[in-house]
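# Understanding the architecture of this molecule
Next come the chains, spelled out residue by residue.
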Amino acid sequence: MTTTRVVLVGGGYAGVLAANRLSQRSDLDIILVNPRPMFVERIRLHQLVAGNDDAVEDYADILTDRAELVVDSAQRIDVAGHRLRLASGASLGYDHLVYAVGSTAPVPATVPGAAEHAWPLGEWESAQRLAERLAQIPLQAPIVVVGGGLTGIEAASEWAELGRNVTLVTGVLGPSLANDGRRSVTKRLRKLGVSVVENATVSQVAGNRITLRDGTELPSAVTVWTAGFGVPTLATDSGLSTDALGRLLTDETLTSIDDPSIIAAGDAASPSAQPLRMSCQLAMPLASHAADTLLARLDGKEPTYLNPASVGQCISLGRHAGTIQMSHLNDEALPLHIGGRLAATIKESVCKGTLSFLAKEARKPGSYFWPRGGKRQKRYQLHRPPARLRGTQNVATDD
Ligand SMILES: Cc1cc2nc3c(=O)[nH]c(=O)nc-3n(C[C@H](O)[C@H](O)[C@H](O)COP(=O)(O)OP(=O)(O)OC[C@H]3O[C@@H](n4cnc5c(N)ncnc54)[C@H](O)[C@@H]3O)c2cc1C
């Protein structure tokens, strides 16, 4: 039997789901490249730091046994030669490539002292280093979390619940939340003893304090930077078209606008330069769609357009409370939320459910299902943006 080789770059939520879904076809040779031999549950990295979860899973439990795992890091995609160059010096030829390298959590080079003194949280290695650092300081030593997005809120709550002395410094707390959802988060943060400093911009980070733009100094034994996501530079380094952040620019089938053999999924995808919110919740429907695009092409059919629905934002506030912010299908927050212990239970079952979805797709490829967005969610359908729009984040929509 002639086989077609599919190489997936990145073994996170998107890469694993896509690999599993592709295993429906027995004529595919599936290779997954990831820098670590185990799956990282990024959505639990704040728990890894708190010491109540290891945030890893054995690939044997969630990845199809049809996929070969190559523990290595991709350095460049040789687009013309259909070859992936790896950090080890090896290379892999491919017929199709799934780009699922996820996102990163950079510390900004523009804030004086941040590169030297601030600690990132968003990747497994950085979360490990942070856990080690926190173990070295007394329980009452001040910790400053910079960034009031969902990662910052979850991290501040988790650590305050341990009795840590946490200050959360941000412009707006929970900018993606509706007012009542934000109030619920604020109330819980207060109860946990987190000091929230809003409308603040950090202008300097030192080893024992941070300075705000208005001159206020706050003591900080450990400053954790959670503001903003970045993405790996693999697509840019390989000369592929990306949006301003470096996500791979695709059409609405998730196919690269440069090369039909490259398909993107998860946080690293930028369909029509209008990327979805970086989240595990949307990374998996994107991955399922990316796999379906490839499967359709292999069957000689037209792939369909992307149209995933959002259901809301699930936020843990320590182990005993949470906020579930309900949303419209297009991910806009609704004035509706669930709070308290029930929300914590829902959030925990969502985290567990994510792994179950992956495992089920490994056992029964093609079974993963996610609601589609319907009319409200109609996205700008673009095959190839005009040259002037490439490298930008926004294009006009017909929504
Ligand atoms: C603390 C924290 C809490 C979060 N909580 C939530 C939440 O509650 N809900 C939610 O929806 N989202 C949450 N997120 C966001 C969520 O984790 C990401 O959106 C999600 O992981 C994206 O999935 P992905 O598969 O695209 O990327 P990832 O999960 O980041 O996986 C990408 C994989 O690709 C690998 N990779 C990168 N570069 C290369 C390369 N060059 N070669 C080979 N492999 C490479 C990476 O090492 C990684 O293993 C949270 C994030 C953090 C940091």
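Residues numbered from 1 in each chain as written. Predicted model: local features only at pLDDT ≥ 70, side-chain atom pairs only at ≥ 80, totals over all residues. Heavy atoms only, no water.

### Considerations on the site of the ligand
- Neighbouring residues of the ligand: 32 residues in total, closest A14, N34, A74, D267 and K347.
- V101 is positioned such that a nitrogen or oxygen atom in its backbone is 3.5 Å from an oxygen atom of the ligand.
- Side-chain polar atom of D267 to an oxygen atom of the ligand: 2.8 Å apart, as the coordinates give it.
- Here the ligand has 1000 Å² of accessible area as a free molecule, and 90% of this is covered by the chains.
- A per-element tally of the shell around the ligand places helix 9 (residues 280-298) first, with 3 residues.
- Residue classes in the shell around the ligand are distributed as 14 nonpolar, 13 polar and 5 charged.
- Residues from two domains meet in the shell around the ligand; each of domain 1 (4-104 + 230-307 + 353-389) and domain 2 (114-225) gives at least three. (Near = heavy atom within 4 Å. Polar contact = N/O pair within 3.5 Å; in protein donor to acceptor, adjacent residues only side chain to side chain. Areas by Shrake-Rupley, 256 points an atom, 1.4 Å probe, with all protein chains shown as cover. Helix = DSSP H or I, 4+ residues; strand = E, 2+ residues; numbered from the N terminus. Nonpolar A, V, L, I, M, F, W, Y, C, P; charged D, E, K, R; others polar. Domains from an automatic or database assignment.)

### So, helix 9
- For helix 9, with 19 residues, the first-to-last C-alpha span of 27 Å sits near the 27 Å given by 1.5 Å per residue.
- Here helix 9 lies mainly inside the structure; 16 of its 19 residues are buried.
- Downstream of helix 9 by a residue or two, G300 has a phi angle that is positive, lying close to 75°. (Expected span 1.5 Å × (residues − 1). Buried < 20%, exposed > 50% of the residue type's maximum accessible area, 1.4 Å probe, protein only.)

### Focus: the domain arrangement of the protein chain
- Segmentation of the protein chain into domains returns domain 1 (4-104 + 230-307 + 353-389) and domain 2 (114-225).
- Taken together, the contact pairs 16 residues of domain 1 with 16 residues of domain 2.
- Between domain 1 and domain 2 the total buried area reaches about 1300 Å² when both faces are included, carbon and sulfur atoms providing 66% of it.
- At the junction of domain 1 and domain 2, the tally comes to 1 salt bridge.
- The salt bridge involving R36 is made with E125; its shortest N-O contact spans 2.7 Å.
- On inspection of domain 1 and its partner domain 2, the count reaches 4 residue pairs in polar contact (both at pLDDT 80 or more).
- When residues of the side of domain 1 that touches domain 2 are assigned to their parent elements, the largest contribution, 6 residues, is made by helix 2 (residues 45-50). (Contact = heavy atoms within 4.5 Å. Buried area = accessible area lost by both parts, 1.4 Å probe. Salt bridge = Lys/Arg side-chain N within 4 Å of Asp/Glu carboxyl O.)

### Let's talk about the pairing of strand 7 (residues 83-86)
- The two faces of strand 7 differ: L84 and L86 on one face are buried, but R83 and R85 on the other face are not.
- Counted between consecutive antiparallel strands, the loop separating strand 6 (residues 74-78) from strand 7 contains 4 residues, among which H82 sits at a positive phi close to 50°.
- Two elements, strand 7 and strand 8 (residues 91-93), share 3 bridges in a ladder whose sense is antiparallel. Residue pairing for strand 8: R85 is matched across the bridge by S91.
- Two successive antiparallel strands, strand 7 and strand 8, enclose a turn made up of 4 residues, where G89 displays a positive phi of approximately 105°. (Pairing = 2+ DSSP bridges.)

### Focus: the pattern of salt bridges
- The final tally for this structure, using the stated rule, is 18 salt bridges.
- For the salt bridge of R42 with D267, the shortest nitrogen-to-oxygen distance reads 4.0 Å. Remark: D267 occurs in the loop between strand 19 (262-264) and strand 20 (269-271) and R42 occurs in the loop between strand 3 (39-40) and helix 2; sequence separation between them is 225 residues.
- The class of R42 is partly exposed, set by a relative accessible area of 26%.
- Residue K347 pairs with E154 through a salt bridge whose shortest N-O separation is 2.8 Å.

### Quick word on the sheet that holds strand 7
- Taken in spatial order, the 3 strands make up an open sheet running 6-7-8, and their pairing is antiparallel. With partners counted over all chains shown, the strands left at the sheet margins are strand 6 and strand 8, one partner each. Averaged over neighbouring strand pairs, the angle between their axes works out to 20° when direction is ignored.
- Bridge analysis of strand 6 against strand 7 gives 4 bridges, and the strand direction is antiparallel. Pairing of D78 across the sheet is with R83, part of strand 7. (Axes fitted to C-alpha atoms, helices over the stretch in contact; angles between N-to-C directions.)

### Topic: the nonpolar core
- Residues L8, L22, I77, L84, Y99 and L358 are the most contacted members of the largest nonpolar core, which totals 60 residues.
- Tallying contributions element by element places helix 9 first for this core, with 10 residues.
- Apart from the residues lying within four places of it in its own chain, the contact partners of L84 are V7, V9, V33, A74, R76, I77, A90, S91, L92, Y94 and L97.
- Within the second largest apolar cluster, 33 residues are counted, among which are I153, V166, L177 and V222. (Core = buried A, V, L, I, M, F, W, Y, C linked by side-chain atoms within 4.5 Å.)

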